[in-house]
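The lines below spell out each chain.
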Amino acid sequence: MSCAMLLHPKSVVFILMPFAKDDVRDIEVVGSQETLAQIIDRIKIEMLRKHPGKENLHTRTMILFDVLGNYRWDVKMVLTLAAFAAAFSEFCIIMQQCPCNPLAVSVSMLKHLPRNLSTLKPQFKALSLLVRTAMDVTKCIIKLEGLPFRYARLDDETMVIAKSWIYVATYWVTRGMVACTSQIRDMKAKKPEQVRSDSTLIAAWELSSLAYKLSSICTHLRRQVDLCHQQMEEKMHQKLLIVFQEVHPDNQDVLGILLATKDELPLKNSSTQHKIGVSEVKDKVVLILVSKAELLPLEGLLLLLERTYDHHHHKKLEGSYEIVWISVSDTWTDSERDMFDFLSNSLPWYSVRRPWVLYSAVVNYIKQEWGYKNAPLIVVLDSQGMVTNSNAMDMVFIWGARAYPFSSSKEEQLWDEENWTLKLLLDEIDPLLTTWVEEGRNICIYGSDNLDWIREFNAKFKVIRNAGVQLEMVYAGCKDLSQQVRRMLAVIGEELHRNLFTFTKLHFFWLRLESIRRSKLKLGQTIHSDDHILKEVSALLDTANEGWVIIGRGNTADILGFVSALRAAIDPSPPPPPPPGPCNHSKVVPYAEGLTEETVLCEKCMHPMKKYVVYE
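Here the structure is a predicted model, which is why all the values come from computation and not from measurement.

What follows concerns the overall build of the protein chain. Helix and strand counts for the protein chain come out as 22 helices and 10 strands. For the protein chain, buried positions account for 48% of its 616 residues. Just so you have it, the protein chain exposes about 31,400 Å², and 54% of that area is on carbon and sulfur atoms.

Okay, here's the thing in structure tokens:
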């Protein structure tokens, strides 16, 4: 067995985790003039130092506690393990390279390191067992010290028992690392002929005894930590329930507990990469964006950006609201962390800097009380921290920054002002199309993934335009945007008419329609109700993979005055010519919103029909 295998790789990674992706030489410890690397080096030197007349383990352990000073108990253990890793790694690297690296052989000879490692195998095995056990104990203490004591208190008896186990465990972990370092130091000092099996077995027995002692402590400590964690979960959940029901002068108490971590600066500003606290969003409307690490599919992410920070109305509201991204994951793999780091450094809103250290009680609250089930949502908090909208994602997709302050009441107000118009369907997806709507042009939006249908449809409409009817054609694909639709765009652009929608904008269009339907359903409407907008959108979404057409003009509900021309172009067997004057035909239809504004043609004579309202 090579030396490199003796210290378990996961142990090394765990010891170095506090410094991951940072240059250890540049990290400073709060309240200290030394960098982290300097502190670890100082502890390592103390662990390797010989104290004449004070070589028993207890005395050396207590001396090391003086060096560790007033650091928290979990920090003391991590620093001690890091110092041991630094001391042991040099020995391991040299011994690992000895068989094949002449330089390592030379260094080994200069340092009088043992050449025959087989004799030391029991000692290394015991050392590896002790280190792994010390790691398990340290993880337990980190978990306990990481509980949100700032926001909730454990029962006194539970806390006293837990603290007593922490003191005992910290002592024995420190003593174990002192013993390991001492044996490494003695191993380096021995000449090859001094390495004997009997002394190796005695050293292995000493480390094994410490490992079994720590293992017993770890069992009791883990049980107590689990009890503390369960109790803290319950108390934090109740605290969150209460704080969201109370009235506050501002949003600081609510955001403080919602974004609770051990860090006083839990957020970051992607534009500056600065660490910031919740005070940066004081007295603002805060949109809490909750999602997985990858946030949204690319098109949804682009639409969210376009409807918020890139929206022309955003400048008028600058400083009135902020988006804060909370990324949630059950596991937090390396790939998820990398994805989060990339997006949080690229997007313009605030993010929780290290969402993987959010308290589990907060994550569980988001899942249970806010109904988060992996689908992204935006929970809106007003300037006092009250929840005013349980999910404003669709509202943002539909109206963008114009929906400020993004409350449920604002959503209802906006719907009261809306009609089934082209503006609702196409609002600002494309600048030229927006101009056409504002100018009141006749626009035909259509879609299909059948090229033959598209060619036939355009041929018939060409007849209408050749007859002098001004009509702009817009291809919008279908609900399932496959690569076939992407190819349709290219063919239409080459053969039929210019494309206003890129493939990405097609996604925007269908995401918008889905949002319109969800928003309506959220307000209590059903597809069987009298809501005209919901019926039309649902009909379009449910049949959108077939050929479909919507014709409108500007921001009106008018279906246009050339229905007869459309029929003449589309119907292969046109109706007989109308009589010279209006007939006496009548038709009774149920009332619908916008019906009185429409032009209705008689089915027999094709003349406009007069409208009368009958009350029952």
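The alternating pattern of strand E10 (residues 548-553) places Trp548, Ile550 and Gly552 on a buried face and Val549, Ile551 and Arg553 on a face that is not buried. Note: strand E8 (residues 442-447) against E10, six bridges, orientation antiparallel. Across the sheet, residue Ile443 finds its bridge partner in E10, namely Gly552.

Our next topic: the pattern of salt bridges. Across all of its chains, the model carries 28 salt bridges by this definition. Across the pair Arg153 and Asp156 runs a salt bridge whose closest N-O atoms are separated by 3.4 Å. One exposure class covers both Arg153 and Asp156, and it is exposed. Its salt-bridge partner being Lys423, residue Asp427 comes within 3.7 Å of it at the nearest N-O pair. The class of Asp427 is buried, set by a relative accessible area of 8%.

Bringing the nonpolar core into the picture now. Core analysis: the largest hydrophobic core is formed by 89 residues, its most contacted members being Val137, Met177, Phe244, Ile288, Ile326 and Trp370. Considering every element that reaches this core, the biggest residue donor is helix H8 (residues 197-243), with 14 residues. Setting aside chain neighbours within four positions, we find Val137 in contact with Met77, Ala169, Val173, Leu214, Cys218 and Leu221. Tyr309, Leu317, Met395 and Phe461 belong to the second largest nonpolar core, which has 80 residues in total.

Next up on the list: unusual backbone geometry. Note the cis peptide between Tyr404 and Pro405, where omega equals 10°. Not every positive phi belongs to a glycine, and Asn374 is a case in point at roughly 80°. Structurally, Asn374 can be placed in the loop between helix H13 (360-369) and strand E6 (377-381).

We now examine the packing of aromatic side chains. In the structure shown here, the tally under the stated rule is 22 aromatic pairs. With centroids separated by 5.9 Å and ring planes inclined at 85°, the aromatic side chains of Phe340 and Trp356 adopt a geometry described as edge-to-face. On the criterion of sequence distance, the pair formed by Phe340 in helix H12 (residues 334-346) and Trp356 in the loop between strand E5 (350-352) and H13 is long-range, its members being 16 residues apart. Residue class for Phe340 comes out buried when judged on its relative accessible area of 0%. Relative to Trp548, the ring of Trp510 has its centre 5.7 Å away and its plane inclined at 85°; by these criteria the two rings are edge-to-face. A residue pair is termed long-range when its members are at least 10 positions apart, and Trp510 in helix H20 (residues 503-522) and Trp548 in strand E10 qualify at 38 residues. There is no split in this pair, since Trp510 and Trp548 are both buried. Taken together, the ring pairs connect Tyr446, Trp453, Phe457, Phe461 and Tyr475 into an aromatic cluster.

For strand E4 (residues 321-327), a buried count of seven out of seven residues is recorded, marking the element as mostly surrounded by other parts of the structure. Both faces of E4 are covered, namely the face carrying Tyr321, Ile323, Trp325 and Ser327 and the face carrying Glu322, Val324 and Ile326. Relative to E4, strand E3 (residues 285-291) runs parallel, the two sharing seven bridges. Directly across from Leu287, in E4, lies its bridge partner Ile323. Read from E4 through H12 to E5, the crossover connection turns out right-handed.

Read from one edge to the other, the open sheet built from seven strands follows the order E2-E1-E5-E4-E3-E6-E7, with strand pairing classed as mixed. In the strand order of this sheet, the two ends are held by strand E2 (274-276) and strand E7 (387-389), each with one partner. Taken pair by pair, the neighbouring strands of this sheet meet at an average axis angle of 35°, ignoring direction. Looking at chain direction, E4 and E5 are connected through two bridges and run parallel.

With respect to the element layout, Arg486 can be found in helix H19 (residues 483-495). Classification of Arg486 as partly exposed rests on a relative accessible area of 40%. Once the C-alpha coordinates of Arg486 and Leu506 are considered, the two residues, 20 residues apart in sequence, prove to be 9.6 Å apart.

Attention now goes to the side chain of Ser344. Here Ser344 lies in helix H12. With a relative accessible area of 1%, Ser344 lands in the buried category. A distance of 2.9 Å separates polar atoms of two side chains, one belonging to Ser344 and the other to Lys268. Reaching out from Ser344, the side chain makes a polar contact with the backbone oxygen of Asp341 at a distance of 3.3 Å. Those residues in contact with Ser344, other than ones at most four positions away along the chain, are Lys268, Ser270, Trp325 and Ser351.

Paired through their backbone hydrogen bonds, the strands of a sheet run either parallel or antiparallel. Strand order in the open sheet formed by three strands is E9-E8-E10, with mixed pairing between adjacent strands. Among the strands making up the open sheet, the edge pair consists of strand E9 (472-475) and E10. Averaged over all pairs of adjacent strands, the angle between strand axes in this sheet comes to 20°, irrespective of strand direction. As paired elements, E8 and E9 share four bridges and run parallel to each other. Looking at the pairing, Tyr446 lines up with Tyr475 of E9. Packed on one face of the sheet, helix H18 (residues 451-466) meets E8, E9 and E10 and runs near 165° to E8.

Take the packing of H18 against H19 next. Running from N to C, H18 and H19 cross one another at 30°; their axes reach a closest spacing of 11 Å. With respect to their mutual orientation, H18 and H19 come out roughly parallel. Between H18 and H19 lies a crossing whose hand is right-handed. Along the contact surface, H18 presents Leu451, Ile454 and Arg455, while H19 presents Met488, Val491, Ile492 and Glu495.

On average, residues of the protein chain score 79 in pLDDT, and 77% of them reach the 70 mark or higher. When the elements of the protein chain are averaged for pLDDT, helix H1 (residues 9-16) gives the smallest value, 31, and E6 the largest, 96. This stretch, residues 561-570, has a pLDDT under 50; its non-local contacts, to residues over four places away or in other chains, come to 16 contacts.

What counts, and at which threshold
- Residues numbered from 1 in each chain as written.
- Predicted model: local features only at pLDDT ≥ 70, side-chain atom pairs only at ≥ 80, totals over all residues.
- Heavy atoms only, no water.
- Helix = DSSP H or I, 4+ residues; strand = E, 2+ residues; numbered from the N terminus.
- Buried < 20%, exposed > 50% of the residue type's maximum accessible area, 1.4 Å probe, protein only.
- Areas by Shrake-Rupley, 256 points an atom, 1.4 Å probe, with all protein chains shown as cover.
- Pairing = 2+ DSSP bridges.
- Salt bridge = Lys/Arg side-chain N within 4 Å of Asp/Glu carboxyl O.
- Core = buried A, V, L, I, M, F, W, Y, C linked by side-chain atoms within 4.5 Å.
- Contact = heavy atoms within 4.5 Å.
- Phe/Tyr/Trp six-rings, centres within 6.5 Å; stacked < 30°, edge-to-face > 60°.
- Right-handed = clockwise from strand over helix to strand, strands pointing away.
- Axes fitted to C-alpha atoms, helices over the stretch in contact; angles between N-to-C directions.
- Polar contact = N/O pair within 3.5 Å; in protein donor to acceptor, adjacent residues only side chain to side chain.
- Parallel < 35°, antiparallel > 145°, perpendicular 65-115°, else oblique.
- Left-handed = near helix turned anticlockwise from the far one by under 90°.
- pLDDT = per-residue confidence, 0-100.

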